[in-house]
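Structure assessment
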Amino acid sequence: MTGLSYDDANLLRYRLLDLPLPDDLDRAQFNALLTAGVRDILLGELDALAASRVQKSVALVVAEALPWGEVGRTVAQRRAWLAANPWARRVVA
């Protein structure tokens, strides 16, 4: 993906629309090329947005599937046990 955002590409397109062209270049084809470039950048941004939405929905499904009350009790029990049994703590050398 390029460093241009859709808004930047569209602004650049409008700046280049009335650019003086050599006689052998067709203005309609030049404008179509500019429009296709802006469209490609827009589609890339939409693909990235769709991918992030998919990741978010998967994360929500996983988060909702976990029994958070049980996870919290397990963590609290482990902390209490380690507080009562300090000899069991792992020490990284």
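Above this text is the structure in question.
Treat the numbers as computed from the prediction; the structure is a model and nothing was measured.

1. Remarks on the overall build of the protein chain
Helix and strand content of the protein chain: 3 helices and 0 strands. Taking the principal axes of its C-alpha atoms as reference, the protein chain extends roughly 85 × 35 × 15 Å. When contacts within the protein chain are restricted to residue pairs at least 6 apart in sequence, those whose partners lie at least 24 apart make up 47%. About 8,000 Å² of surface is accessible on the protein chain, with carbon and sulfur atoms providing 61% of the total. Here the protein chain contributes 11 positively and 11 negatively charged side chains, and the mean placements of these two sets differ by 22 Å.

2. Notes on a nonpolar patch on the surface
On the surface, a cluster of nonpolar side chains totalling about 600 Å² of accessible area is made up of Val54, Val58, Val62, Leu66, Trp68, Val71 and Val75. Counting only elements with at least two residues in the nonpolar patch, the list comes to α2 (27–65) and α3 (68–84). Among the secondary structure elements, Trp68 is positioned in helix α3. For Trp68, a relative accessible area of 51% translates into the label exposed.

3. Describing the packing of aromatic side chains
Inspection of the entire model under this criterion finds 1 aromatic pair. On the basis of an interplanar angle of 70° and a centroid distance of 6.0 Å, the ring pair of Trp81 and Trp87 is categorised as edge-to-face. Overall, Trp81 belongs to the partly exposed group, its relative accessible area being 45%. Accessibility expressed as a relative area gives 66% for Trp87, which makes it exposed.

4. Remarks on the packing of helix α1 (residues 6–16) against α2
Where α1 meets α2, the closest approach of the two axes is 9 Å, and the angle between their N-to-C directions is 175°. Classed by the angle they form, the pair α1 and α2 counts as roughly antiparallel. Of the residues in α2, those in contact with Tyr6, Ala9, Asn10, Arg13 and Leu16 of α1 are Phe30, Leu34, Thr35, Val38, Ile41, Leu42 and Glu45. For the contact of α1 with α2, the class distribution of residues is 8 nonpolar, 2 polar and 2 charged.

5. Looking at α1
All of the buried residues along α1 are Ala9, Asn10 and Arg13. For α1, the angular spread of buried residues about the axis comes to 100°, placing them on one side. Set apart from the buried face of α1 by more than 90 degrees, the exposed residues are Asp7, Tyr14 and Arg15. Residues of α1 that are buried sit in contact with α2.

Calculation notes
Residues numbered from 1 in each chain as written. Predicted model: local features only at pLDDT ≥ 70, side-chain atom pairs only at ≥ 80, totals over all residues. Heavy atoms only, no water. Helix = DSSP H or I, 4+ residues; strand = E, 2+ residues; numbered from the N terminus. Contact = heavy atoms within 4.5 Å. Areas by Shrake-Rupley, 256 points an atom, 1.4 Å probe, with all protein chains shown as cover. Lys, Arg positive; Asp, Glu negative; His and termini not counted. Charge placed at Lys NZ, Arg CZ, Asp CG, Glu CD. Patch = residues over 30% accessible without salt bridge, like charges linked within 9 Å, V, L, I, M, F, W, Y side chains within 5 Å. Salt bridge = Lys/Arg side-chain N within 4 Å of Asp/Glu carboxyl O. Buried < 20%, exposed > 50% of the residue type's maximum accessible area, 1.4 Å probe, protein only. Phe/Tyr/Trp six-rings, centres within 6.5 Å; stacked < 30°, edge-to-face > 60°. Axes fitted to C-alpha atoms, helices over the stretch in contact; angles between N-to-C directions. Parallel < 35°, antiparallel > 145°, perpendicular 65-115°, else oblique. Nonpolar A, V, L, I, M, F, W, Y, C, P; charged D, E, K, R; others polar. Arc of directions from axis to C-beta.

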